[in-house]
Amino acid sequence: MTALLSIDGVTKRFGGVAALRAVSFELAEGEILGVIGPNGAGKTTLLNCISGVARPDAGSITFDGHEIGHQRPHRIARLGVGRTFQIVKPFASMTVRENAAVGALFGASRLPLAGAFAAADEVLELVGMADKASQPVVSLTIPDRKRLEVARALATRPRLLLLDEVMAGLNSVEVDEALDMVRAVHRSGVTIVLIEHVMRVIVGVCRRVVVLHFGEMLADGTPDEVLRDPRVIEAYLGEKYAKRLQEAERDG
Amino acid sequence: MQLFLQQVVLGLLIGGIYVAVALGFSLVWGILNIVNLAHGALVIAGAYLTWLLFAHAHVDPFLSLPIVAVALFAFGYALQRVLINRVIRAPLFFTLLLTFGVNLMIVNALLVLFKSDFRSVTPSYSGSGFGVAGVQVPYVRLAALGVAAALAAAVGWLLNRTRTGSAIQAVAADRDAARLVGVDLRHVYALTFAVAAACAGVAGGLISTIQAITPTAGEPYTLQAFVVVVLGGLGRVGATVVGGLVFGLVETLGQTMVPGLGAGWANAIAFALLVVVLVVRPQGLMGRRP
Amino acid sequence: MQARLNGGRLRRLLLIVFGLAVVLVLLAPLTATDQADSLGLPQLVDRSQIRILTTVAMFVVMASGWNLVGGLTGYGSFGNVAFFGLGAYTCAVAVDVHRLHLPMGAGIALAPLVPALFAALVGLPLLRLRGHYFAIATLGTAVAVGEVVKNVDYLGGATGLFPPILHRADLLFLYLMVGAAMLAVIVSGLILRSRFGYGLIAIRENEEAASVIGVNTTAYKVGAFAVAAALTGLAGGIFAVWNSFINQDLGFSLDFNIQMILMAVLGGAGTLFGPVLGVIVLEFLLQNLAGRGDVAVYAQIGLGLLLAVTVIFVPRGIVDFFGGASRLSLAHLRRALRETGA
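Here the structure is a predicted model, which means the values were calculated and not measured.

Draft legend 1. View of the overall build of chain B. Each helix and strand in chain B was counted, giving eleven helices and two strands. Reading the secondary structure of chain B in the N-to-C direction produces α-α-α-α-β-β-α-α-α-α-α-α-α. Over its C-alpha atoms chain B spans a radius of gyration of 19 Å, differing by no more than 12% from the 19 Å that the globule rule assigns to 290 residues. Looking at the 290 residues of chain B, the share that counts as buried comes to 51%.

What follows is the structure, given as structure tokens:
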């Protein structure tokens, strides 16, 4: 089966620093892929390259058979890629419903006005914001703003959804709710790439995880495999701890 | 060859004026993120004050510069504190509108006070100069260049070697952090604007010695200051110096070297240059990449 | 329940009154015609008042045009007067006996085209700039275009152009300008309730988010710029033949430039009727100031003061006092009407 998303040797430099170094992996339709790594590993840059916000210096990105590495963001959105931002970017002077409706007006959806509002209602239902539809954005809490961000991206009818640290800043209960939302989105047929720091989420919802470190891919496997990988542990916790862990395991 | 040298010298001399004009403008833009459309009005106000002192009290224009500086400093402080500070957190466009309104008020107040007759400040040494290698160097313009250099040095010293300067730079770098360490934001804002107004006033004093002034003569200076800052790059005094001198050279050489390009095209050249720089290299010649 | 009905009812009442007032004001000048005389109707308006009405209509076009780019899209242009001037000159050249020698209708029809083309061309590089840079770059462009025009003989050079004078045509020009004003408001209204309008607002609110949800930001911005240019150019074209004279100072007047911005902002940038309200209020103020002595200077000081007051105390515009929600789209207005009608 051909991959939905194919990243091949993607490199991105900012000044002298390589944020991404020859990153390659493939993503099949229907997967939920987790992307983890220490801060500065290049995770958001990866999302930026896929969504067209940044342009890779080398390598290619293919989505659904289309080469999107050098396309502008709106083209990529129209092909069916949606994304959220780590620091949410709502349309502040619009209501919740209008924010979602704008998503439905554009992207891969491109509904006419009337249909867009109906689609907005559907999407808000899915993320659990239906009761707040006519509220102005400024009155929303952080978790709700994140939901709105997801709703707006969903309204564009993406086949691939890129979520950038949707759980950041949420407390335990909110994380559970957000997890349910992610599962619901996945069930509706959307392939998901999830950047996260909260391991509970990665383990809970991803069947495959990719680890980035200093722009390079360190590991690619199930959450279990990846989290036991000594190189990954070293990257996150440092050489000393990794050694100690190894010794502990050897000693039983 | 001699003509060319003459033009280069003149270009640098006028460039000095542009540096003086742009210093304050750059300061307000860099620190307060305000593009002050009333800057030219402050310049011309300084020019009128110099003229007043010269015409009625017979004070040499260069000697009255400190007085003008103090007067404009006070005015600038009050202006910022009372009016401009109210829109400092508003969208950029509102600050543009407000400063434009202030510009209208100052220029027309000057029109009411002084009418639109042209005035000039002509001390005894006005027309003379000295020659060096066949190039004529007018005294007044050379002195103006000297003052401009001193002004740039003073502002640089203020920003980099005084506590006040550190406070100002802190506010520019991170407003909230500065506030947390005890910097009085409103005072720093007003102080910065006051220093900028003082610079504008001094620039105006210099200008009054080299051209005839009328209340509306300040308008081109705002736009020229903008070009200088864009050309040199926002942020450091050095960048403004470079921008001002380059602009002076380009303007003088352009006007005399290219046939058919009279004074009428000066503005058009300036703005063509501006738009090109903004689109091609927005950080200016010396600015840091955004 | 009672309170909402009253609020909505009041708004509906105000709208109806406003609408009637507008209709009356627009029909009143007809009493100055010969036909009205022969019917024995008293003349309700005189020539100078017709001039004022025509000016008001002209500014409605310009403020609405600016509103599309500055209010809706969030790109505060300081150079829209360039479009006015280009439209005026296009028409003047078109009708000039020694140049294209076309009928007036053709001149006016051509007036929107040149500015729109210009906007599409310069918009591409200019609209890549933001905030201050965009504002000053557009200002610079307007000044530069004005200067170029002044130096070209075919465009009348420093003297300007003199379209043929039409006698007893006050009413013709009034209704032409009013027609343009209605066109401007209708176009704005259509845009506000369309995908295009929502896309523009999205660009204003957060351009990066807009682009990743699929808005072609470049095309939309340039499109809004071109529509604004066409409308403003139309006003310029009609102005040229109405005034029977156009030169660089008039066509690229920085006064007109700042006035159209102030009117839109004062009335309510980003709304449908904000610019209209702003024009009416500002023209009313300016006309009343015009009665006193040494006019120009004090009017300018007043203008400056008004700018300061607006920006500090009424940044959202007068329309905000009539219910903030109506800012966003005509849909809200229709909903409000529907609510009260129920």
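Draft legend 2. Representation of the overall build of chain A within the structure. Within chain A, the regular secondary structure consists of ten helices and ten strands. On C-alpha atoms alone, chain A measures out to a radius of gyration of 19 Å, which is about the 18 Å that the 2.2 N^0.38 rule sets for 252 residues. By the burial criterion, 46% of the 252 residues in chain A qualify as buried. Restricting the contact set of chain A to residue pairs at least 6 apart, pairs at least 24 apart contribute 64%.

Draft legend 3. Looking closely at the pairing of strand β8 (residues 191-195) of chain A. Residues and elements named next belong to chain A. Summarising burial for β8: five of the five residues are buried, a large majority. With burial as the criterion, each face of β8 is covered, one bearing T191, V193 and I195 and the other bearing I192 and L194. As paired elements, strand β7 (residues 160-164) and β8 share five bridges and run parallel to each other. Among the inter-strand pairings, L161 is bridged to a residue of β8, identified as I192. For the crossover that starts at β7, traverses helix α6 (residues 172-187) and ends in the parallel β8, the hand is right-handed.

Draft legend 4. The arrangement of the interface of chain B and chain C in detail. Taken residue by residue, the interface counts 33 residues in chain B and 32 residues in chain C. Within the residue set of the side of chain B that touches chain C, elements represented by two or more residues are α4 (92-114), α9 (219-232) and α11 (266-280) of chain B. Here the side of chain B that touches chain C takes 15 residues from α4(B), the largest share from any one element. Grouping the constituent residues of the side of chain B that touches chain C by class yields 28 nonpolar, four polar and one charged.

Draft legend 5. Molecular detail of the environment of L117(C). Residue and element names in this part refer to chain C. Examined against the element boundaries, L117 turns out to sit in helix α6 (residues 113-126). On the neighbour-count criterion, L117 (15 C-beta atoms within 10 Å) is partly exposed. Sequence separation of L117 and L129 is twelve residues, and the distance between their C-alpha atoms is 19 Å.

Draft legend 6. Looking closely at the nonpolar core. If you look at the biggest cluster of nonpolar residues, it comprises 293 residues, and the most contacted ones within it are A20(B), F193(B), C199(B), V61(C) and I238(C). When residues no more than four places from it in sequence are discounted, the contact partners of F193(B) are V28(B), L32(B), G76(B), Y77(B), L79(B), Q80(B) and I84(B).

Draft legend 7. The arrangement of the sheet that holds β8(A) in detail. Residue and element names in this part refer to chain A. The six strands lie next to each other as β6-β7-β8-β3-β9-β10, forming an open sheet whose pairing is mixed. Edge positions in the sheet fall to β6 (81-83) and β10 (216-221), since each of these pairs with one other strand and no more. Between one strand and the next, the sheet's axes are offset by a mean angle of 20 degrees, whatever the strand orientation. With four bridges connecting them, strand β3 (residues 32-36) and strand β9 (residues 208-213) associate as parallel partners.

Draft legend 8. Summary view of the sheet that holds strand β5 (residues 66-67) of chain A. All names here are of chain A. Spatially, four strands are ordered β2-β1-β4-β5 in an open sheet, and the strand pairing comes out antiparallel. Each edge of the sheet is formed by a strand with only one pairing partner; in this case those strands are β2 (17-27) and β5. By the bridge criterion, two bridges tie strand β4 (residues 58-63) to β5 in an arrangement that is antiparallel. Its bridge partner lying in β5, T62 is registered against E67.

The rules we used
- Residues numbered from 1 in each chain as written.
- Chains lettered and ligands numbered in written order.
- Predicted model: local features only at pLDDT ≥ 70, side-chain atom pairs only at ≥ 80, totals over all residues.
- Helix = DSSP H or I, 4+ residues; strand = E, 2+ residues; numbered from the N terminus.
- Rg over C-alpha atoms; globule rule 2.2 N^0.38 Å.
- Buried ≥ 20, exposed ≤ 12 C-beta atoms within 10 Å, placed from the backbone.
- Contact = placed C-beta atoms within 7 Å.
- Pairing = 2+ DSSP bridges.
- Right-handed = clockwise from strand over helix to strand, strands pointing away.
- Nonpolar A, V, L, I, M, F, W, Y, C, P; charged D, E, K, R; others polar.
- Core = buried A, V, L, I, M, F, W, Y, C linked by C-beta atoms within 7 Å.
- Axes fitted to C-alpha atoms, helices over the stretch in contact; angles between N-to-C directions.

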